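# Architecture and fold: a report
Next come the chains, spelled out residue by residue.
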Amino acid sequence: MQKVLTEASNPELARKIIKQIQKLSLTYKEKNGRIPALMEVCGSHTMALARTGIKRILHEDVRLISGPGCPVCVTDQKSIDSMIELAKQKNRIVCTFGDMMRVPGSKGSLTKAKSEGSDIRVVYSPTDAVQIAKQNPTKEVIFLGIGFETTIPVLLAAIQMAEQEKVANFSMWLNTKLIEPILTYLLDTGEVNIDGFILPGHVSMIIGEESYQFLIEQYKIPGVISGFEAVEMLSSIYKLLKMLIKEEAFIENDYRSVVSYSGNLIAKKMMSTYLQPIDEAWRGIGVIKNSGLRFKDHYQHFDAKKKFNIEVAEPVKTKCRCGEIIRGLILPEECSLFGTACTPIKPIGPCMVSSEGTCAAHYTYLREVN
Amino acid sequence: MEERISLAHGDGGELANQLIKELFIEAFGHREEAKLDAAILSLKAEKIAISTDSFVVHPIFFPGGNIGKLAVTGTVNDLAVSGAVPLYLTVGFIIEEGLSIYELREIVNSIAAEAKKAQVKIIAGDTKVVEKGKAEGVYINTTGLGVINRQQLHPETITVGDSVIISGTIGDHAIAILSARGELGIQTDLESDCASLNLMIQNVLQSTEHVKIMRDPTRGGLATSLVEISEDFNVTIELEETSLPIKEQVDGVCQILGYEPIYLANEGKVIFIVDSKDEQLVLSILQQHPLGKNARVIGKVKENTKSGLLMRTALGSTRRLDRLTGILLPRIC
């Protein structure tokens, strides 16, 4: 495995592909009068493209637009406020992935609530939260279920465990998001020009190559499913440019070691067993039809939203432009808060705090060096 | 002796006396110093260096060491990288009621063994016991005293062209501790690198006059230490990503969890900034020592309009590095 990873991040090979991409970009520019615009949908790609230096090296050759694939960043403010409020109530243990801890709510964060005495625990796996529920039978244990299709099966593994072991004091606050509806939304609004998609490797592992056929059938926009090492991402960009120059549109699977045509059928089955689509609110965008998931009626005893009545006021509005950044309309540097009022130490929006956030990627890896 | 520590072990009475005599004095061999309320020393030195540090590591036993060993190496290294020769340590324990005496003995013996190895003497100590749940096992504070007879470090002379050297692989301690906590669901056979560096550092300082500064990159890792140096002395340091010594296992865990090795804690590594003409000399002295065999040149002091820490990536672009922000957290997907 290590050998595969090493080869995929081989700098010499990467530099060769960069040269090829630069050549293809020139050809594209001669033909179209501008450089090609590709969207990397996934937050992990945003981070990896910035960290490896690809974004900086290719910035005159390919416009790489960061998409809406960071699960924390797309969670709307009211949901964040509700989760913090949920954690503040007595006799609760709220468990979460680490990324949520410092996400700013209208009044404080989970980190602040924890320092004020709320029992909030960072776990590495949702099944750890089920264990905590078993150890604390007099308390309600709630897991904050944030994520795209990659994470949803992991969340459901915890639900399955709680169901089998009849853990009645365990529930989940679901704020999951689906990839297809948000891509459709972006393409239908036409706010941002996208010539091709660098498609998310991890999400694709679950949903499979077949799930992107709509991009071809309805929009004639090519997509390449990509891994996360430098060579893998560059290879995907190269393949997209090749297709664009030839004016072809396919979905290509450039991450075959991990992604199959139909995806993970067991995970898909689990999702359809426990969950059903629901209209979901996205930060800075609003409600998108059938873009989230909720527990089916039969499993609503696991639904923390039903189990606990959480009411929060309308969120306080800030000048944070996360919404536009998520949609690829502006770069973080165009937000007046970026790098001054809003930094990783004192984040105003989730894009600055999440380890997959576009603002965090720009702040950490793409600030001027001189 | 009782099998477990009780509150009575910290009340100054008979049990406390038993613990001090049978465990601490036995291990540390400071019977004479312990007869007075303070240890009294005579020192001949141009300058005296003092450093204090508290240790709250969890778990208290981990691959490659325990909290006792760490409490010695941590303070010894702080003195050593300041250019001092560490001589004496004091050790304070805050023990949670219920800690097994067997475990305490292990820890105390590790302290004695590491102190012997580092050629420092333990001259004073203190023990407090707190109720169960008010601490986690044991916390240890050590204060160290060292002497400087000739100030050799001149950080104010750091200039463009100076070389940055690290004495070995980075991130081993952090990943060893994280996997020992058992929360990651990842098993490694990595050991903490915790070790006293003073003797190796003395070898270097005896051979060259051109070490400008040293730091031990503990919490916050290599990057945070170098950001501090670049800010304190208004210089630009550029690291070469491909030169960083990183164990495959550390690299692998970092890829899975989204950590960067340059921000992970080390407990047995030292950074040197040296005049480039002595770069190879320092490197060869380090590489001859068991704790420095993976030493490497990892960067240079560069000319730049704005001070700070930069890193040249494997692909040839450059990025700015900051201090570690917030706690290290895993990513979602």
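Residues numbered from 1 in each chain as written. Chains lettered and ligands numbered in written order. Predicted model: local features only at pLDDT ≥ 70, side-chain atom pairs only at ≥ 80, totals over all residues. Heavy atoms only, no water.

## Concerning the overall build of chain A
Assigned secondary structure in chain A consists of 17 helices and 11 strands. For 370 residues, the compact-globule formula gives about 21 Å, and the C-alpha radius of gyration of chain A, at 21 Å, lands near that figure. Overall size of chain A, expressed as C-alpha extent along the three principal axes, is 65 × 45 × 40 Å. A burial count over chain A gives 59% of its 370 residues as buried. (Helix = DSSP H or I, 4+ residues; strand = E, 2+ residues; numbered from the N terminus. Rg over C-alpha atoms; globule rule 2.2 N^0.38 Å. Buried < 20%, exposed > 50% of the residue type's maximum accessible area, 1.4 Å probe, protein only.)

## Some remarks on the environment of valine 192 of chain A
Residues and elements named next belong to chain A. Mapped onto the elements of the fold, valine 192 is located in the loop between helix H9 (179-189) and strand S7 (196-200). According to the relative accessible area criterion, valine 192 is buried, its value standing at 9%. The sequence separation of valine 192 and methionine 39 amounts to 153 residues, and the corresponding C-alpha distance is 9.8 Å. With residues up to four places along the chain from it excluded, the contact list for valine 192 reads Ile65, Arg327, Gly328 and Leu329. (Contact = heavy atoms within 4.5 Å.)

## Focus on the state of the cysteines
Residues and elements named next belong to chain A. For the structure shown, the criterion picks out one disulfide over all chains. One disulfide bridge connects cysteine 70 with cysteine 73, the sulfur atoms lying 2.3 Å from each other. Across the S-S bond of cysteine 70 and cysteine 73 the torsion is about 70 degrees, and the bridge reads as right-handed. Taken as a pair, cysteine 70 and cysteine 73 share a single burial class, namely buried. No disulfide involves cysteine 335; its sulfur sits 6.1 Å from that of cysteine 320, the nearest cysteine. (Disulfide = S-S within 2.5 Å.)

## Focus: the packing of aromatic side chains
Here the structure, examined in full by the defined rule, presents nine aromatic pairs over all chains. Here the aromatic rings of phenylalanine 295 of chain A and phenylalanine 302 of chain A are separated by 6.4 Å at their centres, their planes lie at 40 degrees, and the arrangement is tilted. We classify phenylalanine 295 of chain A as buried; its relative accessible area is 1%. For phenylalanine 302 of chain A, a relative accessible area of 3% puts it in the buried group. Through a chain of ring-to-ring contacts, the aromatic side chains of Phe24, Phe28 and Phe93 of chain B assemble into a single cluster. Stacked on the ring of tryptophan 282 of chain A, the Lys or Arg lysine 177 of chain A has its end atom at 5.5 Å from the ring centre. Directly above the aromatic system of tyrosine 363 of chain A lies the positively charged group of arginine 367 of chain A, at a separation of 4.0 Å from the ring centroid. (Phe/Tyr/Trp six-rings, centres within 6.5 Å; stacked < 30°, edge-to-face > 60°. Lys NZ or Arg CZ within 6 Å of the ring centre and 35° of its normal.)

## Digging into the packing of helix H8 (residues 152-164) of chain A against helix H13 (residues 265-274) of chain A
All names here are of chain A. Axis separation between H8 and H13 bottoms out at 10 Å; the angle between their running directions is 60 degrees. As far as their axial angle goes, H13 and H8 are oblique. With respect to the hand of their crossing, H8 and H13 are arranged in left-handed fashion. Residues Ile152, Pro153, Leu156, Ala157, Ile159, Gln160 and Glu163 of H8 form the contact with H13, whose own contacting residues are Ala267, Met270, Met271 and Tyr274. Tallied by class, residues from the contact of H8 with H13 come to nine nonpolar, one polar and one charged. (Axes fitted to C-alpha atoms, helices over the stretch in contact; angles between N-to-C directions. Parallel < 35°, antiparallel > 145°, perpendicular 65-115°, else oblique. Left-handed = near helix turned anticlockwise from the far one by under 90°. Nonpolar A, V, L, I, M, F, W, Y, C, P; charged D, E, K, R; others polar.)

## Structural notes on the pattern of salt bridges
In total, this model carries 29 salt bridges over all chains according to the counting rule given. Taking the shortest distance from any N to any O, the salt bridge between glutamate 40 of chain A and lysine 55 of chain A comes out at 2.8 Å. Separated by 15 residues along the polypeptide, glutamate 40 of chain A in strand S1 (residues 37-42) and lysine 55 of chain A in helix H4 (residues 54-57) bring together distant segments of the chain. Across the salt bridge formed by arginine 319 of chain B and glutamate 260 of chain B, the nearest N and O atoms sit 2.8 Å from each other. Pair noted here: arginine 319 of chain B is in strand S13 (residues 318-321) and glutamate 260 of chain B is in the loop between helix H7 (248-257) and strand S10 (271-274), with a separation of 59 residues, a long-range link. Taken individually, arginine 319 of chain B and glutamate 260 of chain B each receive the classification buried, so the pair is uniform in this respect. A single salt-bridge network, built from bridges that share partners, covers Asp172, Asp193, Lys247 and Lys269 of chain B. (Salt bridge = Lys/Arg side-chain N within 4 Å of Asp/Glu carboxyl O.)

## A closer look at H9 of chain A
Residues of H9 of chain A that are buried: Ile179, Pro181, Ile182, Leu183, Thr184, Leu186 and Leu187 of chain A. Trailing H9 of chain A by a residue or two, glycine 190 of chain A shows a phi angle of about 65 degrees, which is positive.

## Section: the domain arrangement of chain B
Residues and elements named next belong to chain B. When its domains are assigned, chain B resolves into domain 1 (7-148) and domain 2 (155-321). For domain 1 and domain 2, the distance between their C-alpha centroids amounts to 28 Å. With 22 residues of domain 1 at the contact, the number on the domain 2 side is 22 residues. Per-residue buried area on domain 1 facing domain 2 is highest for Pro63, Asn77 and Val81; these three make up 31% of the total on that side. Our count for the contact surface shared by domain 1 and domain 2 stands at zero salt bridges. Where domain 1 touches domain 2, the interface holds eight residue pairs in polar contact (both at pLDDT 80 or more). The set of elements that each furnish at least two residues to the side of domain 1 that touches domain 2 consists of helix H2 (67-81), strand S4 (85-96) and helix H3 (101-118). Ranked by residues supplied to the side of domain 1 that touches domain 2, first place goes to H2 with nine residues. (Domains from an automatic or database assignment. Buried area = accessible area lost by both parts, 1.4 Å probe. Polar contact = N/O pair within 3.5 Å; in protein donor to acceptor, adjacent residues only side chain to side chain.)

## Describing H3 of chain B
Along an α-helix, residues three or four positions apart point the same way, because every turn accommodates 3.6 residues. Over its 18 residues, H3 of chain B runs 25 Å from end to end, which matches the ideal 26 Å to within 8%, given 1.5 Å per residue. In the stretch just after H3 of chain B, glutamine 119 of chain B is the one whose phi turns positive, near 60 degrees. (Expected span 1.5 Å × (residues − 1).)

## Digging into the side chain of threonine 75 of chain B
All names here are of chain B. One can find threonine 75 in helix H2. Exposure remark for threonine 75: the relative accessible area of 0% places this residue in the buried category. In this structure, threonine 75 is in contact with Ser51, Asp53, Phe55, Leu89, Thr142, Thr143 and Gly144, ignoring residues within four places of it in sequence.

## A closer look at the sheet that holds strand S6 (residues 170-176) of chain A
Residues and elements named next belong to chain A. The strand order across the open sheet built from four strands is S4-S3-S5-S6, with neighbouring strands paired in parallel fashion. Because the sheet does not close on itself, it has two edges, and the strands there are strand S4 (120-122) and S6. Across the sheet, the mean angle separating the axes of adjacent strands is 25 degrees when strand polarity is ignored. Sheet topology places strand S3 (residues 92-96) next to strand S5 (residues 140-147); four bridges connect them, and they run parallel. Bridging across to S5, cysteine 95 finds its partner in phenylalanine 143. (Pairing = 2+ DSSP bridges.)

## Brief notes about the domain arrangement of chain A
Residues and elements named next belong to chain A. On domain assignment, one finds that chain A holds domain 1 (2-43 + 180-253) and domain 2 (77-178 + 263-307). Averaged C-alpha coordinates put domain 1 and domain 2 at centres separated by 32 Å. Residue-level contacts link 12 residues of domain 1 with 16 residues of domain 2. For the pairing of domain 1 and domain 2, the buried interface totals around 1,100 Å² over both sides, and the portion due to carbon and sulfur atoms is 72%. Of all residues in domain 1, the largest losses of buried area upon contact with domain 2 belong to Pro181, Ile182 and Ile206, amounting jointly to 52% of the total for that side. Summed over the shared surface of domain 1 and domain 2, the number is four residue pairs in polar contact (both at pLDDT 80 or more). Within the residue set of the side of domain 1 that touches domain 2, elements represented by two or more residues are H9 and helix H10 (201-207). With six residues, the single largest contributor to the side of domain 1 that touches domain 2 is H10. Residues that form the side of domain 1 that touches domain 2 fall into these classes: seven nonpolar, three polar and two charged.

## Some words on the packing of H2 of chain B against H3 of chain B
Residues and elements named next belong to chain B. Following both chains from N to C, one finds H2 and H3 inclined at 30 degrees, their axes separated by 7 Å at the closest point. As summarised for this structure, H2 and H3 are arranged roughly parallel, according to the angle between their axes. Regarding H2 and H3, the two cross each other, and that crossing is right-handed. The segment H2 lies against H3, with Ile67, Gly68, Lys69, Val72, Thr73 and Val76 engaging Ile107, Ser110, Ile111, Glu114, Ala115 and Ala118. Here the contact of H2 with H3 is composed, by residue class, of seven nonpolar, three polar and two charged.

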